[in-house]
Amino acid sequence: MRGLGAAIILFFLPLFTTSVSAQEYTLTVSDRAEELATKIEQTGDAEAYQWNLVEEYLANAEPELALLEILDYEQDRRLDAAQRAEKGKILLWLELEKRATNALAEAYFAKPDNETAMYLAVADRLAGGAERSARTLTEIGAEDPDLAMKLAKLYQDLFLSGKKVAAGAAADALRDYDPEAYHQYFPLPQISIYSPEEGYQTDAAEVSVVFDVKHGNPIRRITVADSTIYELSEEDEEHLDERSFTGSFTSLAPVGAGRNEIAVVAEDVFGYSSTATATVNGLNFTRPAEWSAPLADSLKAAVAYVESYVGDEILAIDKDGTYRAVVFSYSDEDSISAFDKGLYWNDLLAHPHVGLPEKRNVKTLIGERATAGNVDMIFGSWILPALNLKTKLFVYLNGSWRIDDDEWSVGTVDGRADVKPHIETIARTANGGMTIVFGGLLPGEADRLEAALPGALNASSAGAEAAILADAQFEWKFTRGALDASVATVESLRLDADAIAELDSRARVVSNGGGSVPFGENPALKARAAHGSLYDEFETKISSDRLSASEKQTVLEFVSDWRRYSEMKRYVENRLPAEDLLIQAEEYFSRTEEEGQ
C-alpha cells in the first residue's frame, strides 16, 4: 500500500493546478483505476486492491469516488488509523465538517501525528470550535515550525478547487494561530488612487478614476464602483505560478448628486481583497426629467400659455451666469407637499422664460437629496468659493424648522441641518446681493426668525433680503397672480421679494435696505408690453385701410386682447389682409355671443 504522505501529495497537486469549481466538477476514471476495479471484480480480493483504488482516485483528484470506495471498504473490515485519517481529510475536503471532525479525532486518538492534528484543527474551525482548534494548533506548532506554511498551502489548495468554505476555515485557523504569519502568507493587494483627489467636486455625471494595483499574488478581479474592469482570463489561469501582479488602470465611474464613495476593489486568486475609496462630491443637482408635481405642472402650463401667443423672441431672457441658486425642500410630516413646492421653485428659477439664473447654476436638494451633508456641501463647497462682487445668490429653504437663538435648523432626510452659520457667512460675503425665501415655518417660528434675520442681513454690504412665506397656498397664487397675462396682479417685470409681498400680504419681507435682488422675469408682463407696443402701430396702420369705420372698430376691439399679438404682427408686416382679419374678428365675436347665450 502506498504511503500516507505520498497519497496526500498526489491528492493536493492536481487540485492546485486544475482550479475546478464545485459546480463544474465532473467525475472521471483513469486507466489505472479501471485496471484495479477489474482486478477486484475478477479475483474477488478487495483487501489486496481496494485501498490502492482509493489512492488512485485521490491521485486523480476524485475525492467523491475515493470516499465511496472507502465506505465500501470499511463495510467488511475496520480502517486502521492512517486510513481513518485519510477518510477524515476527504470529508473535510467535501466540507462535511462534523463527519470530518469525528473521523479525524478517531484517527488521531488511535495514532497521534501532527498532520492529522492539523486537519482536525481545521475541521474543528469549520464546525465552529474555534477555541479547541487554536489549542490544537498551539500544541503541534511547538513541534512543527512549518505549521503556518502548511495551513497556508492547505488554504490555497482548497480555495483553488472551489472549496471556499473549507478554505476559509483553514485561513481562520491560521489567523488564530499566528496572525503575523497569516498576514505574511495572505498579504492584501495594494491600491493607490491618483485621481480623483479626496473631496473632488464636479458637475459631471462621471469621473475618471486613475489608480495602480500591486500584489505578490495573482489578481483575479478588479472593480471600480461595482463594475468589473479587469478579470483573470482562462489563459492566465494556467500560469498561476507567476505570482506577482502590477497594473495601472483608468476607468470612468458614475457620480450621483451629493457625496459619492467611489470604491476600487482588487481581489486575488485566493479570495483576499483590498478596497480603496475616493470621495467625490457630485454637484449635478439638476432636475431629473421624470420628476413631476401639480405645482410645477401648473407653472409650466401658465408659461406655456403665454408662449403660445407671443413666441420665444418676446420672452427671451439673458441668463445671468453670476447667479447661484439653491432649492432645498424636505418635511417628514408632509413630504409630498414639500417635494411639490421644491420642484416648483426649481422650475421657476430654471425656466428659460422666467428664471434669471443659468440652469446649471440651480442646485436642487429635494426628496432623498435633502441631506444635511448636501446642505453643508452646497453652502460651504459650492456657494462660498464662488462669491465675489458680482455673484448674486438666491436660496429657497422649505421644511420643518427649529428657530431659536442658537440655531436655524431645518429637517433633512438624515436628521437636521443648521443653516444659520451658512447664512451669516454668505451674508457677509455675497457682495452682489442675495435673497432667501423661507417656507414651512409655523407662526411662532416665523416670528422668531423675522426678529433674528436683520442681524444677519445687515452684515451684508449689498442688497440682502429674506421672504418668510406664511401662506401654504402661496405658489398657486403666484402662478395665477404673477404669470397669467389675463389677470396678472403683480405689475413688476422683475420677480423679487417685493413681488412676493405685493401678491400676498401675509408674506413677511425683511431687508437691509440695500435694494432688491430679482430672481426672475414676468413673462405675462412681457407679453402685455409687447402687445401694447404693437397695438399702437397696428392702430395707425388700420386707420388708413379701406375698411369702414365700424369694421375698423370691430377689428380694433378684436386685437385689443393680448392674445391677438400674432394676428396683429402678421397684419403690420403685410402678411394678413385687413379683410381676412375682419372675418376672424366677426367669427370670434359671433362665437363668443353664442357661447354667452
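Residues numbered from 1 in each chain as written. Predicted model: local features only at pLDDT ≥ 70, side-chain atom pairs only at ≥ 80, totals over all residues. Heavy atoms only, no water.

Enquirer: Any chance you could explain the pattern of salt bridges here in plain terms?
Expert: Should their charged atoms come close, side chains of opposite charge can pair. Taken as a whole and judged by the stated rule, the model has 26 salt bridges. Between Arg 259 and Glu 261 there is a salt bridge whose closest N-O contact spans 3.1 Å. Judged by relative accessible area, Arg 259 falls into the exposed class, the value being 57%. Connected through shared salt-bridge partners, Arg 221, Glu 231 and Glu 267 make up one network. (Salt bridge = Lys/Arg side-chain N within 4 Å of Asp/Glu carboxyl O. Buried < 20%, exposed > 50% of the residue type's maximum accessible area, 1.4 Å probe, protein only.)

Enquirer: Is there a simple way to think about the sheet that holds strand β14 (residues 415-418) in this case?
Expert: Each strand in a sheet pairs with its neighbour through backbone hydrogen bonds, running either in the same direction (parallel) or in the opposite one (antiparallel). What the three strands build is an open sheet, ordered β12-β13-β14; its pairing is antiparallel. Two strands lie at the open edges of the sheet, namely β12 (401-403) and β14, each paired on one side alone. Strand-to-strand twist of the sheet, defined as the mean angle between neighbouring strand axes without regard to direction, takes the value 25°. With four bridges connecting them, strand β13 (residues 408-412) and β14 associate as antiparallel partners. Bridge assignment links Thr 412 to a residue of β14, and that residue is Gly 415. (Pairing = 2+ DSSP bridges. Helix = DSSP H or I, 4+ residues; strand = E, 2+ residues; numbered from the N terminus. Axes fitted to C-alpha atoms, helices over the stretch in contact; angles between N-to-C directions.)

Enquirer: Just checking my understanding: could you explain the sheet that holds strand β16 (residues 464-468) for this structure?
Expert: Strand order in the open sheet formed by six strands is β10-β9-β11-β15-β16-β18, with mixed pairing between adjacent strands. In this open sheet, the two edge strands, each paired with only one partner strand, are β10 (362-366) and β18 (508-511). Between one strand and the next, the sheet's axes are offset by a mean angle of 10°, whatever the strand orientation. As paired elements, strand β15 (residues 434-439) and β16 share five bridges and run parallel to each other.

Enquirer: Explanation requested: the packing of aromatic side chains in the structure shown.
Expert: Describing an aromatic ring pair means giving the distance of the ring centres and the angle of the ring planes. Using the criterion set out here, one finds 27 aromatic pairs in the structure. An aromatic cluster is defined as three or more aromatic residues linked by ring pairs; in this entry it consists of Tyr 344, Trp 345, Phe 394, Tyr 396, Phe 474, Phe 478 and Phe 519. It is Lys 541 that lies over the ring of Tyr 571; its NZ or CZ is 4.6 Å from the centre. Over the ring of Tyr 588 we find Arg 564; its NZ or CZ atom is 5.5 Å from the centre of that ring. (Phe/Tyr/Trp six-rings, centres within 6.5 Å; stacked < 30°, edge-to-face > 60°. Lys NZ or Arg CZ within 6 Å of the ring centre and 35° of its normal.)

Enquirer: Help me understand the environment of Ala 467, please; the structure alone is not making it clear to me.
Expert: Looking at the element boundaries, Ala 467 is found in strand β16. Sequence spacing of Ala 467 and Leu 147 is 320 residues, and the spatial spacing of their C-alpha atoms is 75 Å. With residues near it in sequence (within four places) discarded, Ala 467 still touches Ile 436, Val 437, Phe 438, Ala 497, Ile 500, Arg 508 and Val 509. (Contact = heavy atoms within 4.5 Å.)

Enquirer: What should I look at first to understand the layout of surface pockets in this one?
Expert: By volume, the largest pocket amounts to about 510 Å³. Lining the largest pocket are 24 residues, and of these Gly 399, Gly 439, Gly 440, Leu 441 and Leu 442 lie nearest its centre. Elements with a contribution of two residues or more to the lining of the largest pocket: α15 (335-350), β11 (392-399) and α18 (443-457). In terms of residue class, the lining of the largest pocket is built from ten nonpolar, seven polar and seven charged. (1 Å grid on protein atoms, 1.4 Å probe; cavity = no way out; pocket = protein on both sides within 12 Å on 5 of 7 lines; lining within 4 Å. Points joined across faces, edges and corners; volume = space filled by probe spheres on them. Nonpolar A, V, L, I, M, F, W, Y, C, P; charged D, E, K, R; others polar.)

Enquirer: Can you help me understand the side chain of Asp 496 in this one?
Expert: If you trace the backbone, Asp 496 turns up in the loop between β17 (494-495) and α20 (497-503). Salt bridges are absent for the buried Asp 496, whose nearest opposite-charge side chain, Arg 494, sits at 8.4 Å. Reaching out from Asp 496, the side chain makes a polar contact with the backbone nitrogen of Asp 498 at a distance of 3.1 Å. What Asp 496 contacts, discounting residues up to four positions off in sequence, is Glu 465, Ser 516, Val 517, Pro 518 and Phe 519. (Lys, Arg positive; Asp, Glu negative; His and termini not counted. Polar contact = N/O pair within 3.5 Å; in protein donor to acceptor, adjacent residues only side chain to side chain.)

Enquirer: Explanation requested: the confidence of the model for the protein in the structure shown.
Expert: Any segment with low pLDDT has predicted coordinates that should not be analysed in fine detail. With 91% of its residues at a pLDDT of 70 or more, the protein shows a mean pLDDT of 86. This model gives residues 1-27 a pLDDT under 50, and the stretch forms 55 contacts once residues within four places in sequence are excluded. (pLDDT = per-residue confidence, 0-100.)

Enquirer: Looking at this structure, I do not really get unusual backbone geometry. What am I missing?
Expert: What you tend to see is this: most non-glycine residues have negative phi, and most peptide bonds are trans. Looking along the chain, the bond that leaves Ser 195 and enters Pro 196 is cis, with omega of 5°. As for its position among the elements, Pro 196 is in the loop between β1 (190-195) and β2 (200-202). One non-glycine residue, Asp 226, lies in positive phi territory at about 70°. Here Asp 226 shows up in the loop between β4 (219-224) and β5 (227-231).

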